[in-house]
Amino acid sequence: MTITIVGAGYVGLITAVLFSELGNQVFCIDVSQDKINLLKKGKTPFFEPGLEEYLNRNVKEQRLKFTTSNSESIPKSQTVFICVGTPPAKNGEADLTFLFGAIAKTAKNIHDYTLVVIKSTFPIGFENDIEEIVKKNTKAEFEFAASPEFLKEGTAIEDAFHPDRIVIGTNSKRAQQILLDLHDALPGERIICDMRSAQLIKYASNAFLATKISYANALANISEKVGANVEKVLAGVGADKRIGHDFLKPGVGYGGSCLPKDVLAFIAQANAFDYNFDLLRSVDAINNSQIDIFINKVREALKATEDKKSNLEGLSLAILGLAFKPNTDDIRDAPSIKIIQSLINLGAKLTLYDPKANENAKKIFPNLEFTNSVYQAINGKDAAIIVTEWPEFKEMDLKNVKKNLKRPIIIDGRNLFDVAKMKKMGFKYFSVGR
Ligand code: UGA
């Protein structure tokens, strides 16, 4: 089948390599000429393990083509996947400018029956607007489906080829069959439903993951107060198969381009349909307070508490990890950003290091010092602060770390090390919920 993917971001590029690898003829279009030029050279605009290999193979075998031209690809395609961003607007709702724009441009180039599949996460209640946009721009026959994406950054390729479920949100039998055929080679449960249910599955899944994380963070805070060890608590809780261990790791809160925005968008949508989603408000509030709790931990570790009226003035700190999670260079809504801003406000002098995200972080913090290794970052510092659980931090030579730091203080937002072992080595080690 010939397919067009609109939008060469995360979802678009992964969808493009997936369907081309499965033997389809795929066009991937984007409005950014720079991005398309980069992709044509075989380079991806972000770091995602395995993506470049898949991309280059499919380009070489002429199954995958990048273009900025809608008219080159859409008329040839029976199915068009819309994969553009729906970033948060100021009021927490999703900004649909890119989505509506992409649909209008798609519609202008439809000549025969075309199935338009929306993979972008978009709020419920806009079906009529979308249909109107298409009708205004074409006389040709078309149908819609929502088929949300569940891939995770860092393991996106694996997730795309081994999905837990494939959601096909349309009442049209014809559209259902096209999507069933397209996904035929993939494992995973097929969930066939109406468009609104499909959209709700997406928001509900991300919001549930966020809820699990906030629950784990709340338990970490309670564990600290009562003198329990949250790791043991969650090992016990997660051992119940009905609950499970996944997404119960406490830390500095969830970040990234999806969970924070989708929780807020879901609250806003529920509101629009007259439901007060207090549960998710609390999930969001716990997530935000997790940063303040962590900053207080840094202040306590360095004995800079409110009552002494002291701050972190004059102290030098190494920030280890800037990406919102390991195996990505993505810093969108990363907890590191708020942590860095708070520490700067308290007067600390920061040196930053991330194995992949330094370049992206430099755009936000052009005046801060960055290093190319963890040991350079910690050298002569009053403390090391771990924000992202990169494997290379877990594998650090701790004897060397201790030798390099001015004071043997580590504040670990991701519980990378054993508390007793760190104490034995002579570290002042602070972690989450332990
Ligand atoms: C998330 C969902 O997991 C995907 O299923 C979904 O497709 C995607 O959003 C999306 O909507 O596009 P992603 O944003 O890549 O994927 O990242 P996650 O792996 O979900 O992690 C989000 C944040 O939660 C990270 O900051 C991570 O450090 C944090 N986290 C995760 C925890 O603090 N504790 C955990 O136990 C798990």
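See the structure printed just above.
The paragraphs below set out a description of the structure included in this document. All residue numbers refer to position in the chain's written sequence, counted from 1. Where totals are concerned, whole chains, interfaces and linings use all residues; where local detail is concerned, this predicted model gives features only for residues with pLDDT of at least 70, and gives and counts side-chain atom pairs only at 80 or more. The basis for every side-chain value is the complete set of non-hydrogen atoms in the structure, without hydrogens or water.

Thoughts on unusual backbone geometry
- Despite not being glycine, Phe247 shows a phi value in the positive range, around 60°.
- Within the secondary structure, Phe247 is located in the loop between helix H10 (230–238) and helix H11 (259–272). Only DSSP runs of H or I reaching four residues or more are called helices, and only runs of E reaching two or more are called strands; each is numbered from the N terminus.

Concerning the packing of helix H9 (residues 195–226) against helix H12 (residues 278–301)
- Here an angle of 0 to 180 degrees is reported between the N-to-C directions of two axes, which are lines fitted to C-alpha atoms, with helices fitted over the stretch in contact. With their axes 9 Å apart at the nearest point, H9 and H12 run at an angle of 45° to one another. In terms of orientation, H9 and H12 fall into the oblique class. Judged by the twist between their axes, the crossing of H9 over H12 is left-handed. Residues Ala207, Ala210, Thr211, Ser214, Asn217, Ala218, Asn221 and Glu224 of H9 form the contact with H12, whose participating residues are Leu280, Val283, Ile286, Asn287, Gln290, Ile293 and Lys297.
- Residues belonging to the contact of H9 with H12 are distributed by class as follows: seven nonpolar, six polar and two charged. When describing relative orientation, an angle under 35 degrees is termed roughly parallel and one over 145 degrees roughly antiparallel, while 65 to 115 degrees is termed roughly perpendicular and anything else oblique. Note on convention: near helix rotated counterclockwise from far helix by under a right angle means a left-handed crossing. Clockwise means right-handed. The contact rule is simple, with two residues in contact once any of their heavy atoms fall within 4.5 Å. Here the term charged refers only to Asp, Glu, Lys and Arg, the term nonpolar to Ala, Val, Leu, Ile, Met, Phe, Trp, Tyr, Cys and Pro, and the term polar to all other amino acids, Gly among them.

Some remarks on the pairing of strand S5 (residues 114–118)
- Within S5, five of the five residues are buried, leaving the element largely enclosed by the surrounding structure.
- The cut-offs for exposure are 20% and 50% of the maximum accessible area for each residue type, with area from a 1.4 Å probe on protein chains only; residues under the lower value are buried, those over the upper are exposed, and the others partly exposed. Residues of S5 alternate between two faces, with Thr114, Val116 and Ile118 on one and Leu115 and Val117 on the opposite face, all of them buried.
- Whether two strands pair comes down to DSSP finding at least two bridges between them. As paired strands, strand S4 (residues 79–82) and S5 are joined by four bridges and run parallel to one another. For Ile82, the partnering residue across the bridge sits in S5 and is Ile118.
- By the criterion used throughout, a crossover qualifies as right-handed when its path from the first strand across the helix to the second strand runs clockwise, the strands pointing away from the viewer. The handedness of the S4 to S5 crossover, carried by helix H5 (residues 97–108), is right-handed.

Things to note about the site of the ligand
- The full set close to the ligand counts 19 residues, and Leu151, Glu153, Lys202, Asn206 and Lys249 are the nearest of them.
- We call two N or O atoms a polar contact when they sit within 3.5 Å, provided that within protein one can donate a hydrogen and the other can accept it, with sequence-adjacent residues counted only if both atoms are side-chain atoms. Separating an oxygen atom of the ligand from a backbone N or O atom of Leu151 is a distance of 2.7 Å.
- Gly255 is positioned such that a nitrogen or oxygen atom in its backbone is 2.9 Å from an oxygen atom of the ligand.
- Here the Shrake-Rupley method, with its probe set to 1.4 Å, supplies the accessible areas, and only the displayed protein chains count as covering residues. In the complex, the protein chains occlude 92% of the 720 Å² of accessible area that the ligand would expose alone. Nearness here has a simple test: a residue counts as near a molecule or strand if at least one of its heavy atoms is within 4 Å of that partner.

Things to note about the nonpolar core
- Residues Leu317, Leu320 and Leu343 are the most contacted members of the largest nonpolar core, which totals 53 residues.
- Counting residues per element, the ones that place at least two in this core are H12, strand S9 (316–320), helix H13 (335–345), strand S10 (349–353), helix H15 (374–378), strand S12 (383–386), helix H17 (398–404) and strand S13 (409–412).
- At five residues, the largest contribution of residues to this core is made by H12.
- With residues up to four places along the chain from it excluded, the contact list for Leu317 reads Val298, Leu302, Leu312, Leu343, Ala348, Lys349, Leu350, Thr351, Lys381, Asp382, Ala383 and Ile385.
- Nonpolar cores are built from buried Ala, Val, Leu, Ile, Met, Phe, Trp, Tyr and Cys residues. Side-chain atoms within 4.5 Å join them into one set. Within the second largest apolar cluster, 37 residues are counted, among which are Leu18, Val117, Ile166 and Ala175.

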